[in-house]
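# Secondary and tertiary structure notes
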Amino acid sequence: AIVVVCVLSAFASAVSAQVAAPDVPSIVTRGQAVVRRAPDRVFVTASVESRSKDPRAAQRQNAEAMAAVQSALRKADVPDEAVRTTGYSIERQIDYVDGRQTLRDYLATNGVEVRLDDVERTGEVLDLVVQAGATTVSGVRFDLQDRATAELEALRLAVVDARARAEAAATGAGRTLGAILRIEDAFQPAQPMPMMSFAREAADMQVQTPVAPGEIEIRAMVTLTVAIQ
């Protein structure tokens, strides 16, 4: 059995050596591309904070305030599936006086993320959640409903860019391009849009909060290896 295994191993090594592709002259270039699209989706992050010496009172006040926020969103035709809880906590707030710990109060916090597929309603919803009882709006993030299509377009353009660079380099060296040997996609995670925040005092504003969505940038980068002749 040992002899058979050794023979098969030697045979496999010989076959592998015969089929291995010989080294060929090649050129390696990097290409990149940016695709810009107007956002058609936005995520608003808001939270409610409540304080009390009694943790149960802080929890109750917080629950009532968040229920009012969610009720206002429903009345504004924001579907329940577009509202997602992002975090909930009750924490003891401690002061240090003369080196001793003193209980200040209990802080209850409940956060939600609201998804809107109508960017034009961003300012309206920002004002709505604050007026309904949200104490903080900690972020506004714009995105695309069909991000995948934009990512594929950016990838295609990055390959075109890499090939153009390879062709220019080969021409400069007096060579021509051959077959493409390898394409490596250096996937770049989506970069969040700038965040904005404001506190409860915004509820007293008479003018709707202005929001400028700008454009979403989808970036792609590839490494291209091409044979040259």
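Note that the structure is predicted; figures quoted are calculated from it, not measured.

## A word on the packing of aromatic side chains
Aromatic ring pairs are defined here through the distance separating the ring centres and the angle between the ring planes. Per the counting criterion, the structure on display carries 0 aromatic pairs. Geometry around phenylalanine 43 places arginine 141 over its ring, the cationic atom sitting 4.1 Å from the centre.

## Overview of the confidence of the model for the chain
Note: predicted coordinates in regions of low pLDDT should not be interpreted at a detailed level. Summarising the model, the chain shows a mean pLDDT of 86, and 82% of its residues fall at 70 or more. The low-confidence segment residues 1-8, where pLDDT is below 50, has 0 contacts with residues more than four positions distant or belonging to other chains. Taken together, the stretch residues 10-21 has pLDDT below 50 and engages in 0 contacts with residues farther than four places along the chain or on a different chain.

## Observations concerning the pattern of salt bridges
Taken as a whole and judged by the stated rule, the model has 16 salt bridges. We note a salt bridge from aspartate 117 to arginine 41, for which the minimum N-O separation is 2.7 Å. Residue aspartate 117 is located in the loop between strand S4 (100-116) and helix H3 (122-132), and its partner arginine 41 is located in strand S2 (residues 41-52); the two are separated by 76 residues in the primary sequence. Assessed through its relative accessible area of 39%, aspartate 117 is described here as partly exposed. Accessibility expressed as a relative area gives 19% for arginine 41, which makes it buried. The shortest N-O distance in the salt bridge between aspartate 80 and arginine 74 comes to 2.9 Å. By relative accessible area, arginine 74 is classed as partly exposed at 44%. Where salt bridges share partners, they join Arg84, Glu113, Arg141, Asp143 and Arg147 into one cluster.

Here is what the cut-offs are and how they apply
Per chain, the residues get numbers from 1 upward, laid out in the order the sequence is written. With pLDDT at 70 or above as the cut-off, local features in this predicted model cover only qualifying residues; side-chain atom pairs require 80 or more to be listed or tallied, and sums for whole chains, interfaces and linings still use all residues. In computing side-chain values, all of the structure's heavy atoms are included and hydrogens and water are not. Here the aromatic set is Phe, Tyr and Trp, taking the six-membered ring for Trp, and pairing holds for ring centres within 6.5 Å; pairs whose planes are under 30 degrees apart are stacked, those over 60 apart are edge-to-face, and all others are tilted. Cation placement over rings: the criterion is NZ of Lys or CZ of Arg within 6 Å of the ring centroid and within 35° of the ring normal. The pLDDT score gives, residue by residue, the confidence of the prediction method on a 0 to 100 scale. Two residues form a contact once any of their heavy atoms are found within 4.5 Å. Salt bridge criterion: a side-chain nitrogen from Lys or Arg within 4 Å of a carboxyl oxygen from Asp or Glu. Strands here are runs of E lasting at least two residues and helices are runs of H or I lasting at least four, both read from the DSSP assignment and numbered beginning at the N terminus. The rule is simple: take the accessible area with a 1.4 Å probe, protein chains only, and divide by the maximum for that residue type; under 20% is buried, over 50% is exposed, in between is partly exposed.

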